[in-house]
Amino acid sequence: MRFGVSSQWILSVENAFGTLTILDNPPYFADGLAWRAFEKLLDEQGFRTFYSAKERRKLRL
């Protein structure tokens, strides 16, 4: 997602419950860099990082 009218990008992820996680520190200068940050986060923490504890219990993660 582009941040306003600037050329910077932020990373936002919406989970199955509609909860939005926004990672905007630092803003990314290209969509590919935001995508790599997303992939790195998945590799390091898994998709559970995008769910709250309550949501994980509902999904039994």
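These lines cover the structure that appears in this document, whether it is placed above or below. (Residues numbered from 1 in each chain as written. Predicted model: local features only at pLDDT ≥ 70, side-chain atom pairs only at ≥ 80, totals over all residues. Heavy atoms only, no water.)

### Notes on the pairing of strand 2 (residues 20–28)
Every other side chain in a regular strand lies on the same face of the sheet, so the side chains alternate between the two faces. Stated formally: A strand pair is defined by DSSP finding two or more bridges across the two strands. Segments assigned H or I by DSSP are reported as helices when at least four residues long, segments assigned E as strands when at least two residues long, and all are numbered from the N terminus.
In this structure, strand 1 (residues 9–14) lies alongside strand 2, joined through five bridges in antiparallel fashion. Looking at the pairing, Glu-14 lines up with Leu-20 of strand 2. Connecting strand 1 to the next strand, strand 2, in antiparallel fashion are five residues, including Gly-18 with a positive phi near 90°.

### Describing the nonpolar core
For the record, the criterion: Among buried residues, the Ala, Val, Leu, Ile, Met, Phe, Trp, Tyr and Cys ones that are joined through side-chain atoms within 4.5 Å form a nonpolar core. The buried label goes to any residue with under 20% of its type's maximum accessible area, the exposed label to any with over 50%, and the partly exposed label to all in between, with areas taken from a 1.4 Å probe on protein chains only. We call two residues in contact when some of their heavy atoms are within 4.5 Å.
Trp-9, Leu-11, Val-13, Tyr-28, Ala-34, Phe-38, Leu-41 and Phe-50 form the largest nonpolar core, which has eight residues in total. Going through the elements one at a time, strand 1 and helix 1 (31–45) are the ones with two or more residues in this core. Discounting residues that sit within four places of it in the chain, Leu-11 has contacts with Thr-21, Ile-22, Leu-23, Tyr-28, Ala-34, Ala-37 and Phe-38.

### Some words on the environment of Asn-15
The condition is simple: In the analysis that follows, any N or O atom pair within 3.5 Å is treated as a polar contact, provided that within protein one partner can donate a hydrogen and the other can accept it, and provided that, for residues neighboring in sequence, both atoms belong to side chains.
Within the secondary structure, Asn-15 sits in the loop between strand 1 and strand 2. The exposure class of Asn-15 is buried, given its relative accessible area of 9%. It is 21 Å that separates the C-alpha atoms of Asn-15 and Leu-33, two residues lying 18 residues apart in sequence. Residues in contact with Asn-15, not counting those within four places in the same chain, are Phe-50, Tyr-51 and Glu-55. A polar contact of 2.9 Å, which involves the side chain of Asn-15, links it to the side chain of Glu-55.

### Describing the packing of aromatic side chains
Where we set the bar: Pairs were defined over the aromatic rings of Phe, Tyr and Trp, the Trp ring being its six-membered one, requiring ring centres within 6.5 Å. Orientation was assigned from the angle between planes: stacked under 30 degrees, edge-to-face over 60, tilted for the rest.
Throughout the structure, instances matching the rule amount to four aromatic pairs. Measuring from centroid to centroid gives 6.1 Å for Phe-17 and Tyr-51, while their planes differ by 90°, and the two rings are edge-to-face. Remark: Tyr-51 occurs in the loop between helix 1 and helix 2 (53–59) and Phe-17 occurs in the loop between strand 1 and strand 2; sequence separation between them is 34 residues. Owing to a relative accessible area of 14%, Tyr-51 belongs among the buried residues under this scheme. Geometrically, the ring pair formed by Trp-35 and Phe-38 is tilted, given 5.1 Å between the ring centres and 40° between the ring planes. You can see Trp-35 and its partner Phe-38 sitting in helix 1, three residues apart, about one turn around the helix. Relative accessible area serves as the criterion here: at 15%, Phe-38 is assigned to the buried category. Taken together, Phe-17, Phe-47 and Tyr-51 form an aromatic cluster joined through their ring pairs.

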